[in-house]
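Residue strings, one per chain:
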Amino acid sequence: MNKQILFLLLPIVAIPSCNEQKKTPLMSGNPVFEGWYADPEGIIYDDTYWIFPTWSDVYEKQTFFDCFSSKDLITWTKHSNILDTTNVKWAKRAMWAPSVISKNGNYYLFFGANDVHEGEIGGIGVAISDKPEGPYKDLLGKPLINEIINGAQPIDQFVFRDDDGTYYMYYGGWGHCNVVKLNDDFMSLTPFDDGEIYKEVTPENYVEGPFMFKRNGKYYFMWSEGGWGGPDYSVAYAIAESPFGPFRRIAKILQQDEQVANGAGHHSVIHIPGTEDYFIVYHRRPLGDKARDHRVTCIDRLTFDNDGFIRLVKITFGGVEQTFIKRP
């Protein structure tokens, strides 16, 4: 058989071109943007990701909020000074842990201020804007919640919209967590059916930083444990059939990795509707950095096992892959 015939009988194998070979995905890297930022609240508005963090500094300098937006989790745009103490006359210092939500064309930013103690003015406020990036203005001219109820310092609020359109707010420091129901314009609280305004829902080991999301009809309640300034800071969770619990602790799902970073905690979760894409947004402390307020904002994947339990999150330097929001 001559060489020409032999060549024709050989199997044809398609060799991918350079363009057809699998490309290395673009990654966000961690931290996802520069600066000392903590307590990040992540949310999706239309086709854009947003993160609203605390400016991490000494309390006297912690008097304003910035926010960040991205189309793909990779490139982030900073929006500076969206709210500060000049626009919130009762807030003097320690503005932290914003929670954001949109309703009827308006954007609301809930925040804690003044590190309030019994008999002082401060607590949880609410501001409003017609754009996600602000500027925001104080809605009430006073705190929405000033008092310390059930031992819960009024900080670290998270606003959750249930499927029936009810807006709940979970909040609390000092090892206690309350849930309240917001009225339609977010300017006051609405009593529950039993006449109570504040219900304590504190789970085991709760310290601060509550967060809630709903998946497959179940309520996933999450919180931070440990000391916010130390290496034991972490996140745990519970699953319940009701927004009121009972919230029985299942496991810790976010914590430090001695090879990556310390004190990973005070998180939020971004979910792309109609997908199984969940991202946990949190802060952590760079290795070897002992400064109290040196905290950075990071993002990693949040995944579930076949029974719906959250897997332990691996914190990374790489972050998450480029992901655009595709609406159905």
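To be clear, the structure that these remarks concern was listed above.
In this report, the structure presented in the accompanying data block is examined. (Residues numbered from 1 in each chain as written. Predicted model: local features only at pLDDT ≥ 70, side-chain atom pairs only at ≥ 80, totals over all residues. Heavy atoms only, no water.)

### Quick notes on the overall build of the chain
The secondary structure content of the chain amounts to 1 helix and 20 strands. Structurally, the chain occupies a C-alpha span of about 100 × 40 × 40 Å along its principal axes. The 328 residues of the chain split such that 54% are buried. For the chain, restricting intrachain contacts to residue pairs at least 6 apart in sequence, the fraction spanning at least 24 positions comes to 50%. About 15,500 Å² of surface is accessible on the chain, with carbon and sulfur atoms providing 52% of the total. For the chain, the distance from the average site of its 32 positive side-chain charges to the average site of its 43 negative ones is 5 Å. (Helix = DSSP H or I, 4+ residues; strand = E, 2+ residues; numbered from the N terminus. Buried < 20%, exposed > 50% of the residue type's maximum accessible area, 1.4 Å probe, protein only. Contact = heavy atoms within 4.5 Å. Areas by Shrake-Rupley, 256 points an atom, 1.4 Å probe, with all protein chains shown as cover. Lys, Arg positive; Asp, Glu negative; His and termini not counted. Charge placed at Lys NZ, Arg CZ, Asp CG, Glu CD.)

### Quick notes on empty space enclosed by the protein
As enumerated under the stated definition, the model contains 1 cavity of 30 Å³ or more in all. Space inside the largest cavity adds up to approximately 90 Å³. Taken together, 13 residues line the largest cavity, and the ones lying closest to its centre are E41, Q157, P210, H266 and H267. Considering only residue class, the lining of the largest cavity consists of 6 nonpolar, 4 polar and 3 charged. (1 Å grid on protein atoms, 1.4 Å probe; cavity = no way out; pocket = protein on both sides within 12 Å on 5 of 7 lines; lining within 4 Å. Points joined across faces, edges and corners; volume = space filled by probe spheres on them. Nonpolar A, V, L, I, M, F, W, Y, C, P; charged D, E, K, R; others polar.)

### Some words on the sheet that holds strand 2 (residues 48–55)
Reading across the sheet, the 4 strands line up as 1-2-3-4 and stay open at both edges, with antiparallel pairing between neighbours. Unpaired on one side and paired on the other, strand 1 (37–45) and strand 4 (77–84) mark the two borders of the sheet. Going from strand to strand, the sheet's axes swing by 25° on average, the running direction of each strand aside. When strand 3 (residues 64–70) meets strand 4, the two strands line up antiparallel, connected through 5 bridges. Across the sheet, F64 pairs through a bridge with D84, a residue of strand 4. (Pairing = 2+ DSSP bridges. Axes fitted to C-alpha atoms, helices over the stretch in contact; angles between N-to-C directions.)

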